[in-house]
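Remarks on the overall topology
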Amino acid sequence: MNQRLVAVSELLFATLIWGFGFTATIWAMESTSSILLSVTRFFGACLLTLPVFYFSKEMRAEFSLANLKLSALPGFFLGMTLILQTWGLEFTTATKSGFITTLYVILVPVIEVLIIKKKVSRWHTAWVGLAMVGTALIVQLQFNEVNKGDVLTLICSAFAAAHIALLGAIGPKIKSPFVFNFYQSFWAGSLALIMLPFFDGPHWKGINNLALIGFISLTVGSTMLAFALQVKAQKKLSASLASLIFLLESPFAMMFGIILLGETLTMYQAAGAGLIILAAVGAIRFERA
């Protein structure tokens, strides 16, 4: 199996995990606040990663001040993305949050052109346009119903774009995606911890079975595994192509929201999901890394 196909497969698996992450976040917030959840998931992922390093001499060798510095800015962007997205889920639905977040697909090529000075193909622009039509159908352009959660999620998408573009730029410098993810999770968790006093409580409301599943999924699946897969895959794929593949996170979020949260699906939303899937498949099939 060629490396590009492996990278695409890794990103597809990561988007499936992140798609469930929207439902997992809503479950987890039945027991805690959005900001404490961000602190818990990032530091929890760091703690669970440490035993792996104990048994891997190769990974231990990657612990260095240079790698700590390299991960600082990505960690900041990642932390802001998840803090804002989780906070936004207090006020909006998992389906809507999933699709607003995907607006990073417009911003990533802009960042690449303006900052990284990388050219974006006309085909990519076409796939992005098709995906945005799908997004418009999903949210049904209900701008008269925009709430605080939607605005927070929109801001989060800008930080997500910066994170994706930056990983694409520094990818060749990253030797161990797993170690790098440990470092960026540390920075993201530290940012959430600093912001904790500025969020109103109560931060802890007890625990139930669904909340526990949510905590485990977000810590082990979304943070420890999926972000490491993202870092690994973006060593082989461009940031623009990766951002289009990430769009599949939204149909997955909608699917889990319908099945597990009782959210409804309209014909417009189904058509929008279809267009996004078509755009992602087209990009994978016809674009080069």
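Just above, that's the structure.
In this text the structure is predicted, and so the values were computed from the model without any measurement. (Residues numbered from 1 in each chain as written. Predicted model: local features only at pLDDT ≥ 70, side-chain atom pairs only at ≥ 80, totals over all residues. Heavy atoms only, no water.)

Details of the overall build of the protein
The line we're drawing: A run of DSSP states H or I qualifies as a helix once it reaches four residues; a run of E qualifies as a strand once it reaches two. Both are numbered from the N-terminal end. The reference for a compact globule is 2.2 Å times residues^0.38; the radius of gyration itself is calculated from the C-alpha atoms. Note on contacts: a residue pair qualifies if any of its non-hydrogen atoms lie within 4.5 Å across the two residues. All accessible-area figures derive from a Shrake-Rupley calculation using a 1.4 Å probe, and residue coverage is judged against the displayed protein chains alone.
A count of helices and strands for the protein gives 14 helices and zero strands. Shown N-terminal to C-terminal, the secondary structure of the protein runs as helices and strands in the order α-α-α-α-α-α-α-α-α-α-α-α-α-α. In summary, the protein has a C-alpha radius of gyration of 18 Å against a globular reference of 19 Å for 289 residues, a match within 12%. Along the three orthogonal principal directions, the C-alpha set of the protein runs to about 50 × 45 × 35 Å. Looking at the protein alone, contacts between residues at least 24 apart form 92% of all its contacts between residues at least 6 apart. Accessible surface, the protein as shown: approximately 13,200 Å² in total, 71% of it carbon and sulfur.

Focus: the nonpolar core
Generally speaking, a soluble globular protein has its nonpolar side chains buried in company with each other. Rule in force here: Throughout this description, the term nonpolar core refers to a set of buried Ala, Val, Leu, Ile, Met, Phe, Trp, Tyr and Cys residues connected via side-chain atoms within 4.5 Å. Categorising residues by exposure relies on relative accessible area from a 1.4 Å probe, with only protein chains included: less than 20% of the type maximum marks a residue as buried, more than 50% marks it as exposed, and the intermediate range marks it as partly exposed.
Judged by nonpolar contacts, the single largest core of 40 residues is most densely connected at L11, Y104, V105, L237, L244, I245 and F246. For this core, the secondary-structure elements that each account for two or more residues are helix 1 (3–28), helix 5 (72–88), helix 7 (104–116), helix 8 (122–139), helix 9 (148–170), helix 11 (209–233), helix 12 (239–246) and helix 14 (267–286). If sequence neighbours within four positions are ignored, I245 has contacts with V8, L11, L12, T15, L237 and I284. F77, L166, I170 and F180 belong to the second-largest nonpolar core, a separate cluster that totals 21 residues.

With respect to a nonpolar patch on the surface
Stated formally: The patches described consist of residues with a relative accessible area above 30% and no salt bridge, like charges being joined within 9 Å and nonpolar side chains (Val, Leu, Ile, Met, Phe, Trp, Tyr) within 5 Å. Salt-bridge detection follows one rule: a side-chain nitrogen of Lys or Arg within 4 Å of a carboxyl oxygen of Asp or Glu.
Taken together, the side chains of F13, L16, L225, M255, I259 and L260 make up a nonpolar region of the molecular surface, amounting to roughly 510 Å² of accessible area. Elements supplying a minimum of two residues to the nonpolar patch: helix 1 and helix 13 (249–261). Considering the arrangement of structural elements, one finds F13 in helix 1. According to the relative accessible area criterion, F13 is partly exposed, its value standing at 44%.

What to know about the environment of G221
With respect to the helices and strands, the residue G221 is situated in helix 11. Owing to a relative accessible area of 13%, G221 belongs among the buried residues under this scheme. Along the backbone, G221 and G21 are 200 residues apart, and their C-alpha atoms lie at a distance of 8.3 Å. When neighbours within four sequence positions are excluded, G221 is seen to be in contact with I17, I216 and A226.

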